[in-house]
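Each chain, letter by letter, is given below.
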Amino acid sequence: MKNKTYDVLKYIAQVFLPALTVFVGVVLKCFNCSFTDIVITIMTAFDAFLGSALMISNANYNKKEGN
């Protein structure tokens, strides 16, 4: 994975997705949507998956580079 790709995905996982999850949760609660908890759970799970995949990628890169 290129450094630029990693940096963009890291930003998405650490900043964008958590903020989007909160926003979507608040908006859905305001409209009394019955599936709000399911949507928030799925979004949070995806963010956790992305963060874990990036951590593994980073660890493999550092191992390869000897850092």
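It should be noted that the structure appears before, not after, this text.
Quick look at the structure, then. (Residues numbered from 1 in each chain as written. Predicted model: local features only at pLDDT ≥ 70, side-chain atom pairs only at ≥ 80, totals over all residues. Heavy atoms only, no water.)

1. Considering the overall build of the protein
Secondary structure summary: the protein contains 2 helices and 0 strands in total. Computed over the C-alpha atoms, the radius of gyration of the protein is 15 Å, more than 25% above the 11 Å expected from 2.2 N^0.38 for a compact globule of 67 residues. Taken along the three principal axes of its C-alpha coordinates, the protein extends 50 × 15 × 15 Å. Buried residues in the protein amount to 18% of all 67 residues. In the protein, the proportion of contacts linking residues at least 24 apart, taken out of those at least 6 apart, comes to 53%. Surface accessibility of the protein: about 5200 Å² in total, with carbon and sulfur atoms responsible for 68%. Mean positive and mean negative side-chain charge positions of the protein (6 and 4 charges, respectively) differ by 6 Å. (Helix = DSSP H or I, 4+ residues; strand = E, 2+ residues; numbered from the N terminus. Rg over C-alpha atoms; globule rule 2.2 N^0.38 Å. Buried < 20%, exposed > 50% of the residue type's maximum accessible area, 1.4 Å probe, protein only. Contact = heavy atoms within 4.5 Å. Areas by Shrake-Rupley, 256 points an atom, 1.4 Å probe, with all protein chains shown as cover. Lys, Arg positive; Asp, Glu negative; His and termini not counted. Charge placed at Lys NZ, Arg CZ, Asp CG, Glu CD.)

2. So, the state of the cysteines
Following the criterion strictly, the structure yields 0 disulfides and no others. In this structure C30 is a free cysteine whose sulfur lies 9.8 Å from that of C33, the closest cysteine sulfur available. We classify C30 as exposed; its relative accessible area is 59%. (Disulfide = S-S within 2.5 Å.)

3. Examining the pattern of salt bridges
Within the structure shown, the criterion is met by 1 salt bridge. Ionic pairing is found between K29 and D37, a salt bridge with its closest N-O pair at 3.9 Å. Classification of K29 as partly exposed rests on a relative accessible area of 49%. (Salt bridge = Lys/Arg side-chain N within 4 Å of Asp/Glu carboxyl O.)

4. With respect to the nonpolar core
Across soluble globular proteins, nonpolar side chains have a tendency to be buried as a group. Ranked by size, the top nonpolar core spans 5 residues in total: Y6, A13, L17, L50 and L54. With near-sequence residues (within four places) excluded, Y6 lies in contact with M1, L54 and N58. (Core = buried A, V, L, I, M, F, W, Y, C linked by side-chain atoms within 4.5 Å.)

5. Re the environment of I12
Mapped onto the elements, I12 comes out in helix α1 (residues 3–30). Excluding residues that lie within four positions of it along the chain, I12 makes contacts with L17, P18, D47 and L50.

6. Here's the deal with helix α2 (residues 36–65)
Taking 1.5 Å of rise per residue, 30 residues should cover 44 Å, and α2 covers 43 Å from first to last C-alpha, within 8% of that figure. Three or more residues of α2 are buried, namely T36, M43, D47, L50 and L54. Residues of α2 that are buried sit in contact with α1. Phi turns positive one or two residues past the end of α2, at G66, with a value near 75°. (Expected span 1.5 Å × (residues − 1).)

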